[in-house]
Number of protein chains: 2
Amino acid sequence: MKIEEIIKSNSPISIEKRTVLNIMFTQNVVAEAFNEILKSFDLSVEQFNVLRILRGQKGKPANMCVIQERMIAKTSNTTRLVDKLLLKGLVNREVCEQNRRKMEITITEKGLNLLAELDPKIEAHEKLFGYNLTPEELENLNNLLEKYRTI
Amino acid sequence: MKIEEIIKSNSPISIEKRTVLNIMFTQNVVAEAFNEILKSFDLSVEQFNVLRILRGQKGKPANMCVIQERMIAKTSNTTRLVDKLLLKGLVNREVCEQNRRKMEITITEKGLNLLAELDPKIEAHEKLFGYNLTPEELENLNNLLEKYRTI
DNA sequence: TACAAATTTTGTAATTACAAATGAAAATAG
DNA sequence: CTATTTTCATTTGTAATTACAAAATTTGTA
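Residues numbered from 1 in each chain as written. Chains lettered and ligands numbered in written order. Predicted model: local features only at pLDDT ≥ 70, side-chain atom pairs only at ≥ 80, totals over all residues. Heavy atoms only, no water.

Novice: Just checking my understanding: could you explain the relation of the copies chain B and chain A for this structure?
Specialist: The two chain copies are connected by a rotation around an axis plus a translation along it. With an axial shift of 0.0 Å and an RMSD of 0.0 Å, the rotation relating chain B to chain A amounts to 180 degrees. Here the transformation between the copies is reduced to the relation of a two-fold axis. Most of the interface of chain B is mirrored in chain A: 100% of its interface residues are interface residues there too. (Least-squares fit on C-alpha atoms with pLDDT ≥ 70 in both. Contact = heavy atoms within 4.5 Å.)

Novice: How should I be thinking about the protein's contact with DNA strand C in this particular structure?
Specialist: Lining the immediate surroundings of DNA strand C are 19 residues, of which Thr75 and Lys84 of chain A together with Cys65, Thr79 and Arg80 of chain B lie closest. A distance of 2.4 Å separates a base oxygen of DNA strand C from a polar atom in the side chain of arginine 80 of chain B. A distance of 3.3 Å is found between a base nitrogen of DNA strand C and a side-chain nitrogen or oxygen belonging to arginine 101 of chain B. Of all the elements in the fold, those that place two or more residues in the surface near DNA strand C are α5 (78-87) of chain A together with α4 (64-70) and α5 (78-87) of chain B. Its residues assigned to classes, the surface near DNA strand C comprises three nonpolar, seven polar and nine charged. (Near = heavy atom within 4 Å. Polar contact = N/O pair within 3.5 Å; in protein donor to acceptor, adjacent residues only side chain to side chain. Helix = DSSP H or I, 4+ residues; strand = E, 2+ residues; numbered from the N terminus. Nonpolar A, V, L, I, M, F, W, Y, C, P; charged D, E, K, R; others polar.)

Novice: Looking at this model, I keep getting lost on the packing of aromatic side chains. Mind explaining?
Specialist: What characterises a pair of aromatic rings is the spacing of the ring centres plus the angle enclosed by the ring planes. Residues and elements named next belong to chain B. What the rule picks out here adds up to four aromatic pairs over all chains. Seen in terms of ring centroids, phenylalanine 34 and phenylalanine 48 are 6.0 Å apart; in terms of plane orientation they differ by 55 degrees. Their pairing is tilted. One end of the pair, phenylalanine 34, is in helix α2 (residues 15-39); the other, phenylalanine 48, is in helix α3 (residues 45-56), with 14 residues separating them in the sequence. Comparing phenylalanine 34 with phenylalanine 48 shows no difference in burial state: the two are buried. (Phe/Tyr/Trp six-rings, centres within 6.5 Å; stacked < 30°, edge-to-face > 60°. Buried < 20%, exposed > 50% of the residue type's maximum accessible area, 1.4 Å probe, protein only.)

Novice: I keep staring at the protein's contact with DNA strand D and nothing clicks. Help me out?
Specialist: In the vicinity of DNA strand D, 19 residues are found, and the nearest of them are Cys65, Thr79 and Arg80 of chain A together with Thr75 and Lys84 of chain B. Counted by atom, the contact set of DNA strand D within 4 Å of the protein is 69% sugar and phosphate. Between DNA strand D and cysteine 65 of chain A, the relevant distance is 2.6 Å, taken from a phosphate oxygen to a main-chain nitrogen or oxygen of the residue. Contacts to DNA strand D include methionine 103 of chain A, whose backbone N or O atom sits 3.3 Å from a phosphate oxygen.

Novice: Got a minute to help me understand the interface of chain B and chain A in this structure?
Specialist: When the parts of a complex come together, some accessible area is lost, and that lost area is often used as the size of the interface. With 57 residues of chain B at the contact, the number on the chain A side is 57 residues. With both chains or domains summed, chain B and chain A bury close to 6200 Å², and 60% of this area falls on carbon and sulfur atoms. Here chain B is connected to chain A by 12 salt bridges. The salt bridge partner of lysine 2 of chain B is glutamate 146 of chain A, with a shortest N-O separation of 2.8 Å. Run the count over chain B and chain A and you get 24 residue pairs in polar contact (both at pLDDT 80 or more). Considering each element in turn, the side of chain B that touches chain A owes the most residues, 19 residues, to α2 of chain B. Classifying every residue of the side of chain B that touches chain A gives 26 nonpolar, 14 polar and 17 charged. (Buried area = accessible area lost by both parts, 1.4 Å probe. Salt bridge = Lys/Arg side-chain N within 4 Å of Asp/Glu carboxyl O.)

Novice: Before we go on, may I ask you to explain the environment of isoleucine 107 of chain B in this structure?
Specialist: All names here are of chain B. Within the fold, isoleucine 107 resides in strand β2 (residues 103-107). Separated by 54 residues in the primary sequence, isoleucine 107 and isoleucine 53 place their C-alpha atoms 9.2 Å from one another. Among all residues touching isoleucine 107, those that are not within four sequence positions of it are Leu51, Leu54, Arg55, Leu90, Val91, Leu112 and Leu115.

Novice: Looking at this structure, how should I read helix α7 (residues 135-149) of chain B?
Specialist: For α7 of chain B, built from 15 residues, the straight-helix expectation of 21 Å at 1.5 Å per residue is met to within 8% by its first-to-last C-alpha distance of 21 Å. Residues Leu138, Leu141, Asn142, Leu144, Leu145, Glu146, Tyr148 and Arg149 of chain B constitute the buried set of α7 of chain B. Turning to α7 of chain B, the residues buried within the fold contact α1 (3-6), α2 (15-39), α6 (109-130) and α7 (135-149) of chain A together with α2 and α6 (109-130) of chain B. (Expected span 1.5 Å × (residues − 1).)

Novice: Just checking my understanding: could you explain the layout of surface pockets for this structure?
Specialist: The gaps left among the atoms become clear once a water-sized probe is rolled over them. Approximately 800 Å³ is the volume found for the largest pocket. Contributing to the lining of the largest pocket are 33 residues, with Gln27, Asn28 and Ala31 of chain A together with Gln27 and Asn28 of chain B lying nearest its centre. Going through the elements one at a time, α2 and α3 (45-56) of chain A together with α2 and α3 of chain B are the ones with two or more residues in the lining of the largest pocket. Residue composition of the lining of the largest pocket, grouped by class: 16 nonpolar, 11 polar and six charged. (1 Å grid on protein atoms, 1.4 Å probe; cavity = no way out; pocket = protein on both sides within 12 Å on 5 of 7 lines; lining within 4 Å. Points joined across faces, edges and corners; volume = space filled by probe spheres on them.)

Novice: Explain unusual backbone geometry here, please?
Specialist: Across residues other than glycine, the phi torsion is negative in most instances, and most of the peptide bonds are trans. Even without being a glycine, lysine 8 of chain B presents a positive backbone phi close to 50 degrees. For lysine 8 of chain B, the position within the fold is in the loop between α1 (3-6) and α2.

Novice: Help me out: how do you make sense of empty space enclosed by the protein in this one?
Specialist: For the structure shown, the criterion picks out one cavity of 30 Å³ or more. One number sums up the size of the largest cavity: a volume of about 30 Å³. For the largest cavity, the full set of lining residues is Asn142, Asn143 and Glu146 of chain A together with Lys2, Ile3, Glu4, Arg18 and Asn22 of chain B. Residue assignment for the lining of the largest cavity shows that the elements contributing at least two residues are α7 of chain A together with α1 and α2 of chain B. Residues that form the lining of the largest cavity fall into these classes: one nonpolar, three polar and four charged.

Next up, the structure:
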């Protein structure tokens, strides 16, 4: 469905405006499907992203700055996100001995197990959307997006 | 900058996962720039979108359902969004005489003036991002996004 | 009338935004 | 070399927003 139909616009829209709307709308569709999966695991998208970042550290602890800079949405309140994950026993948090300003966050066994359980569902979700596109088209889409946001 | 560098991933990412991340991240970049513009006008993106929807009605009032279905992010609380716009005098709200369950929302002169003032700034923002892409590439990006989200 | 559907509002808990505050380390001045 | 200032890293306060479900109101219908 074209973006014009979705927002039910009857006047013509410039290609630039159309692109912004398309990006916003598409992200929304993907994020909502994402949310749907995570909801049954009582995780928000941001909490899930933090867990993934921590798993990517492969045992090496991450401090708050590192987590923040790797998040997709930089605006989230990392402290309180980690608080929530702590309460659920999905991460550990301790003061860094070398620099006591920093926190060392690691993912727990429970956190890793949760991610392992989620992995196939997330992967299916990711593949579902690309389904109508050939690998070349997907590659093309990625390149265009990258180029698009580079100002 | 490639999405792998942004999230500082050292392990390979599937093209499907890469696409999801790219869409999420790009939307975030665009939305933040958007927000930056609207902030000085004391408007949130959603409030702005509601105003645009109302302007698109060309005088014809819109009820809450209509507004909701045309919004990019369907999840917002339309009642309270409109409340805020009412407080600022940017919209009018009255009960529909034909069906008293419905509300008739219209944009005020003040709302139209605000949009008129914003228009060139928003347009510049939209054009800024597409700048590195030819019109054909933009067209292509739109088509790919549309195809991508169609499941 | 009584019941179901449509439309909007409200309650309230969780999350986000943004600025200010805290605490620790590093740099600088006397 | 100690006191002071600046910078870094994180947390906290609080107001605004969002999420989600329940409630309220009006309409249509058996």
